[in-house]
Amino acid sequence: MKKHRSIWFWLFWLLVVANLSAGAYTTYLAMVPTRTNFSTTKNADNTKIDLTLNRDQLNALSKTYLTNESNGKYQLVVNDDHVVAQTTVTIFGQKMDAKLTIDPQTTSDGNIVMAVKKVELGKLDLPVNVAMGYIKSMYSGPKGVNIQPDQQQISLDLAKLTKKNGWTLQADELNLKDNRFTFTGVMQNAQ
């Protein structure tokens, strides 16, 4: 005689398979390599303006930009030895603080690559590549921000992020210890 299984038996196994699938998918997202293709600005006949900021000015600028662009959801603070990005996330109906500790570097073409050193959810330290895979799957911000879990970094294409009225911004130096941040504003001249 054939034994009939309860609906709860099948629902239990469906839940187990769903959890394993979600874990496998998150691991896949964290391990998939990503490539960054920065846009370039042509140097011929461009007007350039040099801009040097200190830590307080850069913090005020990031606060204004993030408030305007994200309605205050994100906060970025430049410290003496690293940059901290903070937000509040809702997990299982509970609001929790999330924090990324970042080391920014400039690239030869004037963009910024931020190496993510630490990811915290509340007081819990998370594995960086797994957390960044989750962040990448949930991120819906500007197109100039590229999250790369496999390299544990976030790249900022400043030409895409700062393009407004023919102006773009290039990063020249980000020196946290010496409190010196230099940029070049580039204006595409009309031909």
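Residues numbered from 1 in each chain as written. Predicted model: local features only at pLDDT ≥ 70, side-chain atom pairs only at ≥ 80, totals over all residues. Heavy atoms only, no water.

Draft legend 1. Molecular detail of the overall build of the chain. Each helix and strand counted, the chain has 4 helices and 10 strands in total. Beginning at the N terminus, the succession of helices and strands in the chain can be written as α-β-α-β-β-β-β-β-α-β-β-α-β-β. Across the 191 residues in the chain, those meeting the buried criterion constitute 30%. Partitioning the intrachain contacts of the chain with sequence separation of at least 6 by distance along the chain shows that 47% fall at a separation of at least 24. For the chain, the exposed area adds up to about 13,100 Å²; of that, 57% sits on carbon and sulfur atoms. (Helix = DSSP H or I, 4+ residues; strand = E, 2+ residues; numbered from the N terminus. Buried < 20%, exposed > 50% of the residue type's maximum accessible area, 1.4 Å probe, protein only. Contact = heavy atoms within 4.5 Å. Areas by Shrake-Rupley, 256 points an atom, 1.4 Å probe, with all protein chains shown as cover.)

Draft legend 2. Representation of the packing of helix α1 (residues 7-31) against helix α3 (residues 128-138) within the structure. Running from N to C, α1 and α3 cross one another at 95°; their axes reach a closest spacing of 8 Å. With respect to α3, the element α1 is oriented roughly perpendicular. Along its contact with α1, which presents Thr26, Leu29, Ala30 and Met31, the element α3 presents Asn129, Val130, Gly133 and Ser137. (Axes fitted to C-alpha atoms, helices over the stretch in contact; angles between N-to-C directions. Parallel < 35°, antiparallel > 145°, perpendicular 65-115°, else oblique.)

Draft legend 3. Geometry of α1. With 25 residues, α1 ought to run about 36 Å at 1.5 Å a step, and its terminal C-alpha atoms sit 36 Å apart, in line with that. The N-cap of α1, judged by a side-chain oxygen 3.2 Å from the amide nitrogen of Trp8 a few residues on, is Ser6. (Expected span 1.5 Å × (residues − 1). Polar contact = N/O pair within 3.5 Å; in protein donor to acceptor, adjacent residues only side chain to side chain.)

Draft legend 4. Region of interest: the pattern of salt bridges. Applying the stated criterion across every chain, the model contains 3 salt bridges. With its nearest N and O atoms 3.2 Å apart, the salt bridge here joins Asp80 to Arg55. On the criterion of sequence distance, the pair formed by Asp80 in the loop between β2 (74-78) and β3 (83-91) and Arg55 in helix α2 (residues 55-70) is long-range, its members being 25 residues apart. Exposure remark for Arg55: the relative accessible area of 13% places this residue in the buried category. The partner of Glu120 in a salt bridge is Lys99, with the nearest N and O atoms 3.7 Å apart. Of this pair, Glu120 sits in strand β5 (residues 112-121) while Lys99 is found in strand β4 (residues 94-106), placing the two residues 21 residues apart along the sequence. (Salt bridge = Lys/Arg side-chain N within 4 Å of Asp/Glu carboxyl O.)

Draft legend 5. View of the nonpolar core. Residues Leu100, Ile112, Val116, Ile154, Leu156, Phe181 and Phe183 are the most contacted members of the largest nonpolar core, which totals 24 residues. Secondary-structure elements contributing two or more residues to this core are β3, β4, β5, α3, β8 (153-156), α4 (158-162), β9 (167-175) and β10 (180-188). When residues in this core are grouped by element, the largest group, 4 residues, is from β5. Ignoring anything within four residues of it in the chain, the contact list for Ile154 reads Leu100, Ile112, Val113, Met114, Val116, Met132, Val145, Asn146 and Ile147. (Core = buried A, V, L, I, M, F, W, Y, C linked by side-chain atoms within 4.5 Å.)

Draft legend 6. Geometry of the sheet that holds β9. In space, the 3 strands of this open sheet follow the order β1-β10-β9, with antiparallel pairing throughout. On the outer flanks of this sheet lie β1 (46-53) and β9, each paired with one strand and no other. The mean inter-strand angle of the sheet, taken between neighbouring strand axes irrespective of direction, is 20°. As paired elements, β9 and β10 share 8 bridges and run antiparallel to each other. Pairing of Thr168 across the sheet is with Val186, part of β10. (Pairing = 2+ DSSP bridges.)

Draft legend 7. Representation of unusual backbone geometry within the structure. Within the chain, Gln152 stands out as a residue other than glycine whose phi angle is a positive 50°. Relative to the elements of secondary structure, Gln152 occurs in the loop between β7 (145-148) and β8. The phi torsion at Asn179 lies on the positive side, around 55°, for a residue other than glycine. Relative to the elements of secondary structure, Asn179 occurs in the loop between β9 and β10.

Draft legend 8. The pairing of β8, seen in detail. Here β8 shows two buried faces, one formed by Gln153 and Ser155 and the other by Ile154 and Leu156. Summarising the sheet, β5 and β8 pair through 4 bridges and their orientation is antiparallel. Bridging across to β8, Ala115 finds its partner in Gln153. Alignment of β7 against β8, held across 4 bridges, turns out to be antiparallel. The residue of β8 that forms the bridge with Ile147 is Ile154. What sits between the antiparallel neighbours β7 and β8 is a turn of 4 residues, in which Gln152 has the positive phi angle 50°.

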